[in-house]
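Here's the letter readout for the chains.
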Amino acid sequence: MSDTLILNGSNLTLEDLYDVVYHGRKVQIDPDVIPRVKAARQVLFDLAATGQPVYGLNHGVGWNKDREFSQDFFEQYNCNLINSHSLGIAPYCSVEEVRAMLCIRLNTALCGCTGISLNILEMYQEFLNRGIHPRVLRRGAVGEGDVSTLPLIGQTIIGEGEVEYHGKIVPSIEALRAEGMEPAILGPKDGLSIASSNAQGESLVVMLVKETEEIIKLSNAIYCMGLEGLNGGLQPLGEAVNAKRGLPGQMRCAADCRRYLQGSYLEQPDPKRALQDPLCYRCGAAINGSVVDALEFVKQYLELQINRTDDNPCILVEENNTSVSPNFETTTLSVGVEMLAIALGHLARSINYRMIKMSGPQFTGLTRFLAPRDGKALGYAQVQDTFSALDAENRLLINPSSVDFFSIEGDIEDHASNLPLVCSRGLQLVDNLRYLVGMEALTAAQAVDLRDNIHLGKYTQIAYDTIREVIPTLSSGRNVFEDIRDPYELVRSGRLLERIGEA
């Protein structure tokens, strides 16, 4: 495990965040930013002392922005805000998603524009370091600050609600006592600072980015093995021809494919090879490159957002004042995720078409549905029903959701980005792609076997060997359900990608 990650509100990388989320890396608030956290807090106290109206400080939130309350009511009001906003719908977020939420919210609060109590930020830190994971419902936020789900974290901070602790679901007060911690007492604006953040939606984007990076690398490798099963042409992967176009993702994927196919029999001429392959093969690296380009856009704005304030109101320490803020708006990121989902839809469709082509003797010169030559099995005909059903589901998942919202809260909240929903659909799409990549691996390996003793590329050989460890060649009738399930589990486990990466 890496050394403790120092958080300062400005330089959190996705790689560092992955360490915290997946590997339990410890975090620490940078001592150098504590003065600005306290300075922002002091601005609130100064404003409270003068009675100046401030949203979430001495005035209510949403439609209740015209409701004023006194300093004597600060703690009760903030507790009421947390409890009234602790909503959502099952299922619950995973531990990894919650760890990402905690880390992201802690980091954005360290920008010094929130005014939250340092004691509460230290609880975020300790929750991460001690493995106290609040139970947060996954559905129910509309992406304009996840104010209907993140308050569930606030409940656990004040000793209410439930947490996952040492693998068990327990009352938060039980975990706090086990760790010798006291529930927090909420002060000015603390409730709003806990609730009003995009940390949940952004945590789901973090998951989506990681899983997309993994599936695109694996898709490139399986596509290459499929080319070998097809006896396809390598010219579309050439460095010079892709450089003429100049699209970064396309060039990167083509370079990966050239590396995977190093030493393949496809590098040698074959008069039986088609002059040009169907577009799903000929343009495979370019289509996958579109996913990479969309992914880079999402990563750019995600890394920006997790290192900036998204608070409303925004505390301007240098002016000793606050400002009404639009900084919780996540439309750019949400639309970027939808663009990524559309690109993933193109990838999924091209995989489906490659599997259709692979079952046709007119394209491969092999048996129909890749059945064994002796006729002892029917091949992979019915697999087409399954990936066709997944394709129909994918078409629903890539439909835009960011524009679907009501005007609510007394017609005050009349815009939303639906970032959590958009990301959840993207994550389901990636999981469907695990099935599709697994099925393509299944058919590619079968085609390779039917070609008899061909020499595979350096990395496609590793992919083939790993697949054959769990899925034997289809040489007789057997339960094809397992032939779909097992490659999915292989893809999902990360073992196949790990083997390729190790080489």
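I will try to describe carefully the structure that is included in this document.

Thresholds applied
Residues numbered from 1 in each chain as written. Predicted model: local features only at pLDDT ≥ 70, side-chain atom pairs only at ≥ 80, totals over all residues. Heavy atoms only, no water. Helix = DSSP H or I, 4+ residues; strand = E, 2+ residues; numbered from the N terminus. Buried < 20%, exposed > 50% of the residue type's maximum accessible area, 1.4 Å probe, protein only. Contact = heavy atoms within 4.5 Å. Areas by Shrake-Rupley, 256 points an atom, 1.4 Å probe, with all protein chains shown as cover. Lys, Arg positive; Asp, Glu negative; His and termini not counted. Charge placed at Lys NZ, Arg CZ, Asp CG, Glu CD. Phe/Tyr/Trp six-rings, centres within 6.5 Å; stacked < 30°, edge-to-face > 60°. Lys NZ or Arg CZ within 6 Å of the ring centre and 35° of its normal. Pairing = 2+ DSSP bridges. Salt bridge = Lys/Arg side-chain N within 4 Å of Asp/Glu carboxyl O. Disulfide = S-S within 2.5 Å. Polar contact = N/O pair within 3.5 Å; in protein donor to acceptor, adjacent residues only side chain to side chain.

So, the overall build of the protein
Assigned secondary structure in the protein consists of 20 helices and 9 strands. Burial statistics for the protein: of 503 residues in total, 56% are counted as buried. Partitioning the contacts of the protein with sequence separation of at least 6, the portion at a separation of at least 24 is 77%. Accessible surface for the protein amounts to roughly 21,400 Å². Of this, 51% is attributable to carbon and sulfur atoms. Of note, the protein has its 45 positive side-chain charges centred 9 Å away from the centre of its 64 negative side-chain charges.

A short note on the packing of aromatic side chains
Scanning all chains against the criterion turns up 5 aromatic pairs. Ring geometry for Tyr-260 versus Tyr-459: centroids 5.8 Å apart, planes at 70 degrees, classification edge-to-face. Within this pair, whereas Tyr-260 is found in helix α11 (residues 248-260), its partner Tyr-459 is found in helix α18 (residues 458-470), the two being separated by 199 residues in sequence. Judged by its relative accessible area of 7%, Tyr-260 falls in the buried class. Since its relative accessible area comes to 11%, Tyr-459 is described here as buried. The ring of Tyr-22 carries the charged tip of Lys-210 above its face, separated from the ring centre by 4.6 Å. Lys-357 extends its terminal NZ or CZ atom over the ring of Phe-363, reaching a point 5.6 Å from the ring centre.

Structural notes on the pairing of strand β7 (residues 168-171)
A regular strand places its side chains so that they alternate between the two faces of the sheet. Across 4 bridges, strand β6 (residues 162-165) lies against β7 in antiparallel orientation. Bridge pairing in β7 links Glu-164 to Ile-169. Connecting the antiparallel pair β6 and β7 is a turn made up of 2 residues, with His-166 showing a positive phi of about 55 degrees.

Some details on the pattern of salt bridges
With the rule as written, the count across this model stands at 23 salt bridges. One salt bridge in this structure joins Asp-310 and Arg-105, with 3.6 Å as the shortest N-O distance. Pair noted here: Asp-310 is in the loop between α13 (284-305) and β8 (314-316) and Arg-105 is in helix α4 (residues 95-109), with a separation of 205 residues, a long-range link. We note that Asp-310, like Arg-105, is buried. Of the charged contacts in the structure, one is a salt bridge between Asp-483 and Arg-478, with a shortest N-O distance of 2.8 Å. Note on Arg-478: relative accessible area 28%, which makes it partly exposed.

Focus: the state of the cysteines
What the rule picks out here adds up to 0 disulfides. We note that Cys-103 lacks a disulfide partner, and the nearest cysteine sulfur, in Cys-111, lies 12 Å from it. Since its relative accessible area comes to 0%, Cys-103 is described here as buried. Between Cys-253, a free cysteine, and Cys-257, which holds the nearest cysteine sulfur, the sulfur-to-sulfur gap is 6.6 Å.

Observations regarding the side chain of Thr-443
Among the structural elements, Thr-443 can be located in helix α17 (residues 419-451). A relative accessible area of 6% places Thr-443 in the buried class. A polar contact is formed between the side chain of Thr-443 and the backbone oxygen of Glu-440, at a distance of 3.0 Å. Discounting residues that sit within four places of it in the chain, Thr-443 has contacts with Met-355, Met-358, Leu-370 and Tyr-380.

Remarks on the environment of Glu-338
Relative to the helices and strands, Glu-338 is located in helix α14 (residues 331-358). With 88 residues separating them in the primary sequence, Glu-338 and Gly-426 have C-alpha atoms 7.8 Å apart. When residues no more than four places from it in sequence are discounted, the contact partners of Glu-338 are Pro-400, Ser-401, Ser-402 and Val-422. In this structure the side chain of Glu-338 is engaged in a polar contact, spanning 2.8 Å, whose partner is the backbone nitrogen of Ser-402.

Take it as geometry only, folks, not as evidence of what the structure does.
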